[in-house]
Amino acid sequence: MKTLLIYLLFFVVLTLAAFKDPYHILGVNQGASKSEIQKAYRKLAKKYHPDVNKNSGAEEKFKEIVGAYEELTKEQAAPKPHQHSDGHHTFTEFYFNGQKFTFGNGRGRNERTTTHKDSPYLTVKRFEQEVLPDSYVNVHLVKVTSRWCFLCMEYDRVWPDIISHFKPYEIKFWELPYDSSDMRQKVSVYEIPSFLVIVSNRVYHFTKTLSLKNLENFIQSKITSHIAIEDVNDRSIDGFVGDFTDYKPKAIFVSPEFSFANAVAAFKFKNYYKYGYSPSPNENCKNIRQLLPSNHGLLIFKETYPAISRKTSDLSIEVLLKVLNSEKLLLLPKISSPDSFDRICKVSSGISSISNSCVIFVLTSRSDYNAIRVQLQSGSLQLKRNYQFSFLYRDAQYAFVESLRPSDPSSNIVVLQRQSQKTARVAWTGTWEWGDQSKLYQLLKPVKLPSQSIELGEIVNENRASMLSYALEFLYYSSESILNQVHLISLHTWLTVIMLITLFFVPFFINNEQPAEEEAQQQQERYRRQATEEAQFQAAPDTQLMELTSSTVSVLLPESRSVISLLVIGDLSRPKDEVPLPVRVVSAKLKAICRTSRHPIGYVSHIKHEAWLVKMAKIAQSRLIQGSVIAVNYNKRYFYFFTPINTSSNSSLVNLQDRVTLWFERLCEGSLPKFYFDHIEYQHW
C-alpha cells in the first residue's frame, strides 16, 4: 500500500509538471512587461539552444522555453509606446560565432521578406484557396524555419539551390515561419527546420538527411503513390493499348528507370492519360523498343498507330510537359463531365465559323463507339483536324441533349459553338450511320449556325466516385497521415506518456514487498560496479596514460552515447626523455583537467596506428603530429581534433597549456566542429 501511494504521488507530481506556469519557466513575475518577457526569453534561448548546449535535456528545456514564450505573447497584448519615452536603444540583434541574428526590429509579420523571391509566405488563406486545390496538378514544396534556429541557416543557404533545381519541373515553393502557430498546427509541424511536400491534398514531412537527391527521391515516392502505372511488355501491350474503357490516350515510358521528370509530368496529366512503364533494356520488351527511334523514349497511343514517339534525349522536362499537354485528347474524346466539356468545347472567341465549333456525335450504345473506333484504327475513317470532334452517350447526358433541342429524335450529329459558359449556338445536321466518311462531311458542309443562342443544360459528371470510394480513400489517407506524423512526435513526449501510463498501472501488478537479503545483495552489486567504473576512469600514474590496445579498448572507447574519450597521439611507453615535449605537456594538462570529469583519457601510438590516424587527420583537414588529441564519441561515430604548436620554448609551453584548456572548454560547450568517420574501415584492436 505504501508503494502504491508513492507511485500515485509521483504520478500527480509529473502531471502537475506538465502544466508548468509559463512565467515560472521564463523566470519572470506575472506582472512582467512584454520587454521583460522578451529579454528573459532571449537570454534563456541562447543558453539552452541545442546547437549551443549539448547537455542532455537542453533540447526539451529549449522547447519548453519557446512554448512558454509563445503562450505569454498570445495572452499579453503589445503595450503602446509611452509618449515620454526615455530614448533607450532596444535590444534587436546579437552576434554569435560571427553570425548576426535579429529579433524582427518591431516589424509585423506582413512586413517580413522571404529568403527567395519565388517562395512567398504560406498563410492559411493561401493554403486553403491556392495550394490544396492546385496540389492535384502541381507539387508544392514548403520550407519551415525559424529565426531562433541555427540549423535553419543551413536550410536558408541551400534554399535557392533547391528552387533552381526543381523550378523547371513547375514545382511551387513556399516559406512557413515557425511562429505562424495557426498554419503550423494546420500542417502538423513538430520540429524545425523541415520541408513539407504537398501532393493531392496531402501533406508529407521530409525527415531524411538534406540533399537534392534525397529530396528528389522523397517527392517522387509521394507522386507515384498517386499515379496508376502498369508494367507493359510485348505480351501485354495489345491489351493495354486496346483497352478504351476509360476513353484516355495511352502513354508508355520506355527507359531503364522511371525518372523524376517522368513522375512529375505523369502526375500533372494523370487525369488525361493511362500510363504504362516498359523497362529497357529488357528481353520481354523488344517489340516495344522497335516502335521508337532509339531504345529509350515515350510512346503515346490513341485510336490509331502511335500518335507520337520521342527519344529520351529529346524529352527534357519542358518538352515532356509540352508533348503530354498537346496530345492529351483522343481523336474522338468523350464528354463525360463539366471539365471535359470545357476542355473539348471551348468558349468561342466570337468568330462565326464551323471550323472553330465542336462536332458532337450523340451515341446510343457502346457498340456505336466501337464501330467508329475500329474505322479510326483501320484508317477507313479520318477525322479532319480542323474540326473538334467528340461524342457522348444520349442516356448518360439526356438532360444536356434535350437542352440542345434536337429537330429529329433520330439525329445524332450536332454542331455547337459556345458563346459563354451557359449559352451556345447549336445546329443539328441529321443522321449518320457511323460508316460512310463522305456522308459525314456532306452533312457538315452545309451547316449554318443560327444567330440566336440557347441555354445549355447541365453536364452530368460520370466520373464521380461513389460514397464508398470516398470513404475508403478517406480512411486510407487518414491512416497514412497519422503514421506520417507519429515519428515526428518527440521521443521525450512518448517516454513521458509511457511513464505516466506505467506509473498508473504498475502498482497493481508488482509485489510491494522485496526480501531484505535480495535488496542488500543488489545494493552491494551496485557499489561494486560503481567502484569498478571509478577505477577504470582513473588516470594512469603521472608519467603514463593508458595505451589504446585490445585489452583497454572497452575502457577507453566505451559504447556509450554520451561518453567522449580523449586520445593523445604519441608513444608514452618510451623513456620520458625520448617523449616529445608537446606530448608530455598535453598529457599532463588533460590528466589534470579530466581528474574530476567522466572522460576516459589515454594515448594511441602514432607508429602502431599510423594509417588510421592519418585518415582521421585528413578528415579533420589538419596535421598529424605528436601531441595532437582526438576526442571520440565511438557510439555516434564522430570526433573532435586538436593540434598543438610543435615547439619547445618556455613561452610556447605556457601557450600550449592555455590552448589545451581553451580547447577542452569548447569541447564541453559543444562549440567545436564535429567530424564524422562512418566511411572509414576501423582497425579493431
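The structure we're discussing is the one just above.
First things first, this report covers the structure right here in the doc.

Rules and cut-offs
- Every chain's residues receive numbers from 1 upward, in the order its sequence appears when written.
- Residue-level local features of this predicted model are given only where pLDDT is at least 70; pairs of side-chain atoms are given and counted only at 80 or more, and the full residue set underlies all totals for whole chains, interfaces and linings.
- Side-chain numbers come from the whole structure's heavy atoms, not from hydrogens or water.
- Think of it this way: any DSSP run of H or I at least four residues long counts as a helix, any run of E at least two long counts as a strand, and we number them from the N terminus.
- The classification of residues rests on relative accessible area computed with a 1.4 Å probe and restricted to protein chains. Under 20% of the type maximum is buried, over 50% is exposed, and intermediate values are partly exposed.
- We call two residues contacting when some pair of their heavy atoms lies within 4.5 Å.
- Exposure was quantified through the Shrake-Rupley algorithm and a 1.4 Å probe, taking into account, for residues, occlusion by the shown protein chains and nothing else.
- In summary, the pairing rule links any two rings of Phe, Tyr or Trp, Trp by its six-membered ring, whose centres are within 6.5 Å, and it sorts them by plane angle into stacked for under 30 degrees, edge-to-face for over 60 and tilted for everything else.
- Strands were regarded as paired on the criterion that DSSP finds at least two bridges between them.
- Interaxial angle, 0 to 180 degrees, is taken between N-to-C directions of lines fitted to C-alpha atoms, where a helix line uses only the stretch in contact.
- The definition used for a disulfide is geometric: two cysteine sulfur atoms within 2.5 Å.
- Angle categories: roughly parallel below 35 degrees, roughly antiparallel above 145, roughly perpendicular from 65 to 115, and oblique for all the rest.
- The crossing is said to be left-handed when, going from far helix to near helix, the turn is anticlockwise and less than a right angle, and right-handed when the turn is clockwise.
- When residue character is reported, Ala, Val, Leu, Ile, Met, Phe, Trp, Tyr, Cys and Pro are called nonpolar, Asp, Glu, Lys and Arg charged, and the others, Gly included, polar.
- One fewer than the residue count of a helix, multiplied by 1.5 Å, yields its expected span.
- Residues enter a nonpolar core if they are buried and are Ala, Val, Leu, Ile, Met, Phe, Trp, Tyr or Cys, with the set joined through side-chain atoms within 4.5 Å.
- The term polar contact refers here to a pair of N or O atoms within 3.5 Å; inside protein, the definition further demands a hydrogen-donor-capable atom paired with an acceptor-capable atom, and it admits residues adjacent in sequence only when both atoms are side-chain atoms.
- Salt-bridge detection follows one rule: a side-chain nitrogen of Lys or Arg within 4 Å of a carboxyl oxygen of Asp or Glu.

When helices and strands are counted, the protein shows 23 helices and 22 strands. By the burial criterion, 42% of the 685 residues in the protein qualify as buried. Once local pairs closer than 6 in sequence are excluded, the contacts in the protein between residues at least 24 apart make up 70%. Only carbon and sulfur atoms are counted for the fraction: they give 52% of the accessible area of the protein, which is about 38,500 Å².

Before going further, it helps to examine the packing of aromatic side chains. Enumeration over the complete set of coordinates arrives at 23 aromatic pairs. The interplanar angle of 25° and the centroid separation of 5.2 Å between the aromatic rings of Tyr155 and Phe195 together place this pair among those described as stacked. Separated by 40 residues along the polypeptide, Tyr155 in helix α6 (residues 150-166) and Phe195 in strand β5 (residues 194-199) bring together distant segments of the chain. Accessibility assignment for this pair places Tyr155 and Phe195 in one class, buried. Their ring planes at 75° and their centres at 4.8 Å tell us that Tyr169 and Phe260 sit as a pair that is edge-to-face. In this pair, Tyr169 is assigned in the loop between α6 and β4 (172-177) and Phe260 in helix α10 (residues 260-268), connecting sequence segments 91 residues apart. Take Phe260: its relative accessible area is 4%, and that puts it in the buried class. Pairwise contacts between aromatic rings join Phe253, Phe258, Tyr273, Tyr275 and Tyr277 into one cluster.

This brings us to the sheet that holds β5. Strand order in the open sheet formed by 4 strands is β4-β3-β5-β6, with mixed pairing between adjacent strands. Edge strands, defined here as strands with exactly one partner in the open sheet, are β4 and β6 (202-206). Strand-to-strand twist of the sheet, defined as the mean angle between neighbouring strand axes without regard to direction, takes the value 25°. Contacting β3 (140-145), β4, β5 and β6, helix α5 (residues 124-134) runs over the sheet at an angle of about 145° to β4.

Turning our eyes to something else, we now look at unusual backbone geometry. Here the amide bond leading from Ile192 into Pro193 is cis, since omega sits at -10°, within 30 degrees of zero. In this structure, Pro193 sits in the loop between α7 (181-186) and β5. Despite not being glycine, Arg637 has its phi angle at roughly 60°, a positive value. Relative to the assigned elements, Arg637 resides in the loop between β20 (629-633) and β21 (638-642).

Taken as a whole and assessed by the stated rule, the structure comprises 1 disulfide. One disulfide in the model links Cys345 with Cys358; its S-S distance is 2.2 Å. Of the two residues, Cys345 is situated in the loop between α13 (338-344) and β12 (358-363) and Cys358 in strand β12; the sequence distance between them amounts to 13 residues. A relative accessible area of 2% means that Cys345 is categorised as buried.

Turning to the packing of α6 against helix α8 (residues 212-224), a few remarks are in order. Close contact between α6 and α8 brings their axes to 11 Å; oriented N to C, the two are set at 50°. Comparing the axis directions of α6 and α8 gives the class oblique. Once α6 is placed against α8, the crossing between them reads as right-handed. Packed against α6, whose contacting residues are Ile162, His165 and Phe166, the element α8 presents Leu212, Leu215, Glu216 and Ile219 at the interface. Class assignment for the residues of the contact of α6 with α8 results in 5 nonpolar, 1 polar and 1 charged.

Here helix α3 (residues 34-48) contains 15 residues, and its C-alpha end-to-end distance of 21 Å stays within 8% of the 21 Å for a straight helix at 1.5 Å per residue. Of all the residues in α3, the buried ones are Ile37, Gln38, Ala40, Tyr41, Arg42, Leu44 and Ala45.

Take the nonpolar core next. With 45 residues, the main nonpolar core has Leu141, Phe166, Ile171, Ile219 and Leu298 as its most contacted residues. No other element matches the 7 residues that α10 contributes to this core. Discounting chain neighbours no more than four positions away, the residues touching Ile171 are Val139, Leu141, Phe166, Ile219 and Phe260. With 27 residues, the next largest nonpolar core counts Leu363, Leu381, Ile413 and Ala427 among its residues.

Moving on to the side chain of Ser605. Residue position: Ser605 is located in the loop between β19 (601-604) and α22 (610-619). Looking at Ser605, its side chain comes within polar contact range of the main-chain nitrogen of Lys608, at 3.3 Å.

Okay, the sheet that holds strand β14 (residues 413-418) next. A sheet is described by the order of its strands in space; here 5 strands give the open sequence β13-β12-β14-β15-β16, paired in mixed fashion. The two strands at the open ends of the sheet, each matched to only one other strand, are β13 (388-393) and β16 (454-455). As paired elements, β14 and strand β15 (residues 423-430) share 6 bridges and run antiparallel to each other. Pairing of Val415 across the sheet is with Ala427, part of β15. Helix α14 (residues 366-378) rests against β12 and β13 of the sheet, and its axis sits at about 130° to β12.

Overall, the coordinates contain 16 salt bridges when judged by the stated rule. Taking the shortest distance from any N to any O, the salt bridge between Lys250 and Asp246 comes out at 3.6 Å. With its nearest N and O atoms 2.9 Å apart, the salt bridge here joins Glu547 to Lys608. Of this pair, Glu547 sits in strand β17 (residues 546-547) while Lys608 sits in the loop between β19 and α22; the two residues are 61 residues apart in sequence, bridging distant segments of the chain. The exposed category is assigned to Lys608, whose relative accessible area is 54%. In this structure, a network of salt bridges that share partners links the residues Lys117, Asp118 and Lys167.

For the pair α8 and α10, the least separation of the axes is 10 Å and the interaxial angle reads 40°. Helix-helix and strand crossings are classified by hand; for α8 and α10 the assignment is left-handed. Residues Glu216, Ile219, Gln220, Ile223 and Thr224 of α8 lie in contact with α10, whose contacting residues are Phe260, Ala263, Val264 and Phe267. Here the contact of α8 with α10 is composed, by residue class, of 6 nonpolar, 2 polar and 1 charged.

Note that every value here comes from positions in space, so none of it alone points to a role or purpose.
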